Amino acid sequence: MLKSRVRRLFAFLALAVAAGTMMTDQTTSQADEGASPLVTFETTHGAFTVAMEADAAPETVANFLQYVRDGHFAGTIFHRVIPGFMIQGGGYDESYAQRPTRAPIENEAPGAPGNDRGTIAMARTSDPHSATAQFFINVVDNDFLNHTGKNPQGWGYAAFGRVVDGMETVDRIAALPTGRGGPFQSDVPQEPVVMQKVTVGAAP
């Protein structure tokens, strides 16, 4: 039990550390009011589709969709994979060069869905309002990442959508062997998982 708690704490801290990004001053566009966008990720290990939840996390969804439309994610990798926890990406290319980002957004975790299996959420640093482009997909229910209070320990991580097709691809990525890679000492897939194409469209 203690070993499990220590691993979860390490994973939580690792998730925060990996979220650091460079920032620019470009502003984000707003999500279309009343829209239900679908974002499809085509990776070297298969495809999956995520339905955005703009009603619950409007600024987060608008920010994410702008990165998609700008082509930010094409060529980036899932650089942190922890079985029984989550897969994280959107910040580095195959050579581990960090992609520049816009200014960070407000943490919308208080009104967002919980970090259940299959949900997509924003990665961040220890600053609760530091999310930019990096995201993660929960492969199990991670209740300990949910918002519990507006304090450093309780802000949580803002989920803003969920996988509606291709969860088997996410599970396949989560099961890949990991180790050292680039600036990271562990949890890097030893076979690169590259996002070849990321596109957005409205739900029918």
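Undergrad: I keep staring at the overall build of the protein and nothing clicks. Help me out?
TA: When you go through the protein residue by residue, the secondary structure sums to three helices and twelve strands. The buried share of the protein, taken over its 204 residues, is 51%. For the protein, the share of sequence-separated contacts (at least 6 apart) that also reach a separation of at least 24 residues comes to 74%.

Undergrad: Before we go on, may I ask you to explain empty space enclosed by the protein in this structure?
TA: Taken as a whole and judged by the stated rule, the model has one cavity of 30 Å³ or more. Roughly 60 Å³ of internal volume is contained in the largest cavity. What lines the largest cavity is simply T60, I105, E106, N107, E108, M122, R124, P128, A131, G156, Y157 and A158. Among the residues making up the lining of the largest cavity, the classes are represented as six nonpolar, three polar and three charged.

Undergrad: Before we go on, may I ask you to explain the confidence of the model for the protein in this structure?
TA: Fine structural detail should not be taken from predicted coordinates in areas where pLDDT scores are low. Overall, the prediction assigns the protein a mean pLDDT of 88, with 81% of residues at 70 or greater. Within the model, the stretch residues 19-34 combines pLDDT values under 50 with 40 contacts to residues more than four positions away or in other chains.

Undergrad: Looking at this model, I keep getting lost on the pairing of strand β5 (residues 86-93). Mind explaining?
TA: Across a regular strand the side chains alternate sides, sitting on one face of the sheet and then on the other. For β5, a buried count of eight out of eight residues is recorded, marking the element as mostly surrounded by other parts of the structure. Taken together, the five bridges between strand β4 (residues 76-82) and β5 define a ladder with antiparallel strand orientation. Considered in β5, the bridge of V81 is made with I87. Linking β4 to β5, which pair antiparallel, is a turn of three residues; within it G84 sits at a positive phi near 75 degrees. The pairing of β5 with strand β8 (residues 135-138) spans four bridges and is antiparallel. Looking across to β8, one finds that Q88 is bridged to F136.

Undergrad: What's the story with the side chain of N146 in this structure? I'm lost.
TA: Along the chain, N146 turns up in the loop between β8 and β9 (159-165). Looking at N146, its side chain comes within polar contact range of the main-chain nitrogen of N115, at 2.7 Å. The residues touching N146, leaving out its near neighbours within four places in the chain, are G114, N115, G154 and G156.

Undergrad: Which parts of the structure should I look at to understand the nonpolar core?
TA: Among soluble globular proteins, nonpolar side chains are generally buried collectively. F41, M52, F64, F73, I87, I120 and F135 are the most contacted members of the largest nonpolar core, which totals 34 residues. In contact with F64, other than residues within four places in its own chain, are V39, F41, M52, F73, I120, M122, A133, F135 and F160. Core analysis: the next-biggest nonpolar cluster, separate from the first, contains nine residues, I82, M86, A121 and F136 among them.

Undergrad: Any chance you could explain the pattern of salt bridges here in plain terms?
TA: Once their charged atoms are close, side chains differing in charge can pair, the charge on each being opposite to the other. For the structure on display, the rule yields three salt bridges. Linking D70 and R102 is a salt bridge whose minimum nitrogen-to-oxygen distance equals 3.5 Å. With a gap of 32 residues between them, D70 in the loop between α2 (58-69) and β4 and R102 in the loop between β6 (100-101) and β7 (119-122) connect regions that are remote in the sequence. Here D171 and R117 are joined by a salt bridge, their closest N and O atoms 2.8 Å apart. Placement of D171 in helix α3 (residues 167-174) and of R117 in the loop between β6 and β7 is noted, with a sequence separation of 54 residues between them. Given a relative accessible area of 29%, D171 falls into the partly exposed group.

Calculation notes
Residues numbered from 1 in each chain as written. Predicted model: local features only at pLDDT ≥ 70, side-chain atom pairs only at ≥ 80, totals over all residues. Heavy atoms only, no water. Helix = DSSP H or I, 4+ residues; strand = E, 2+ residues; numbered from the N terminus. Buried < 20%, exposed > 50% of the residue type's maximum accessible area, 1.4 Å probe, protein only. Contact = heavy atoms within 4.5 Å. 1 Å grid on protein atoms, 1.4 Å probe; cavity = no way out; pocket = protein on both sides within 12 Å on 5 of 7 lines; lining within 4 Å. Points joined across faces, edges and corners; volume = space filled by probe spheres on them. Nonpolar A, V, L, I, M, F, W, Y, C, P; charged D, E, K, R; others polar. pLDDT = per-residue confidence, 0-100. Pairing = 2+ DSSP bridges. Polar contact = N/O pair within 3.5 Å; in protein donor to acceptor, adjacent residues only side chain to side chain. Core = buried A, V, L, I, M, F, W, Y, C linked by side-chain atoms within 4.5 Å. Salt bridge = Lys/Arg side-chain N within 4 Å of Asp/Glu carboxyl O.

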